[in-house]
Amino acid sequence: MPKLIASATPISSVGNITKFADEYVGLVNTGDSKISITLVHSPAGWVGHGQYSDYREYRLVYKGRLQVEHSKGALDVLAGQALDVNPGEWVRYSTPDEGGADYLTVCIPAFSRASVHRDEE
């Protein structure tokens, strides 16, 4: 029988401005360790820490622009585009534009603070 997930659990994100990822599926909200799915509204001017993770991560931007620095340069992920980041790849995310960005993240296996390794800031 299908299972309704009635609400998300907000999880704080690191960076220069406070923001939250609303976890619908994952370790915190449903106890699922195989996958996590979150919705994120990232405010204008937000800059995260450089990081690499032990999980594969997909980010689907549906509003605004997500800027991604990586070991070989930088790229922009625009509304209607997605990003695929393999485990161990260094990235730093930011949302520099007015209005920020809204996106969906999927992590396989599920996101946990122990499985993401952030640069010292």
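Structure's up top.
Residues numbered from 1 in each chain as written. Predicted model: local features only at pLDDT ≥ 70, side-chain atom pairs only at ≥ 80, totals over all residues. Heavy atoms only, no water.

> Explain the overall build of the chain to me, please; I cannot follow it from the model alone.
Each helix and strand counted, the chain has zero helices and eleven strands in total. For a compact globule of 121 residues, the expected C-alpha radius of gyration is about 14 Å, and the chain comes in at 14 Å, within 12% of that figure. Relative to its 121 residues, the chain shows a buried fraction of 35%. Look at the contacts in the chain between residues 6 or more apart in sequence, and 65% of them connect residues 24 or more apart. A total accessible area of about 6,700 Å² is found for the chain, and carbon and sulfur atoms account for 56% of it. Distance from the positive charge centre (11 side chains) to the negative charge centre (15 side chains) of the chain: 4 Å. (Helix = DSSP H or I, 4+ residues; strand = E, 2+ residues; numbered from the N terminus. Rg over C-alpha atoms; globule rule 2.2 N^0.38 Å. Buried < 20%, exposed > 50% of the residue type's maximum accessible area, 1.4 Å probe, protein only. Contact = heavy atoms within 4.5 Å. Areas by Shrake-Rupley, 256 points an atom, 1.4 Å probe, with all protein chains shown as cover. Lys, Arg positive; Asp, Glu negative; His and termini not counted. Charge placed at Lys NZ, Arg CZ, Asp CG, Glu CD.)

> Explanation requested: the pairing of strand E6 (residues 56-70) in the structure shown.
Regular strands place side chains that alternate from one sheet face to the opposite one. For E6 and strand E10 (residues 101-108), the ladder comprises eight bridges, and the chain directions are antiparallel. Residue pairing in the sheet places Arg59 in a bridge with Thr105 of E10. The pairing of E6 with strand E8 (residues 82-85) spans four bridges and is classified as antiparallel. Pairing of Leu60 across the sheet is with Ala82, part of E8. Here E6 runs beside strand E7 (residues 73-78); their pairing, made up of six bridges, is antiparallel. Residue Arg65 lies in a different strand from E7, and its bridge partner there is Leu78. Between E6 and E7, which follow one another and run antiparallel, lie two residues. (Pairing = 2+ DSSP bridges.)

> Explanation requested: the pairing of strand E9 (residues 91-95) in the structure shown.
Counted residue by residue, E9 has five buried out of five residues, so it is predominantly covered. Neither face of E9 is open: one carries Val91, Tyr93 and Thr95, the other Arg92 and Ser94, and all of them are buried. As defined by bridge partners, strand E4 (residues 46-47) adjoins E9 across two bridges and the pair is classed as antiparallel. Looking across to E9, one finds that Val47 is bridged to Ser94. Here E6 pairs with E9 via four bridges, running antiparallel. Following the sheet pairing, His70 is matched in E9 by Val91.

> I tried to follow the environment of Cys107 on my own but got confused; where do I start?
With respect to the element layout, Cys107 can be found in strand E10. By relative accessible area, which is 3% here, Cys107 ends up buried. Sequence spacing of Cys107 and Ala6 is 101 residues, and the spatial spacing of their C-alpha atoms is 20 Å. Among residues more than four places away in sequence, those in contact with Cys107 are Lys34, Ile35, Ser36, Tyr55, Arg56 and Glu57.

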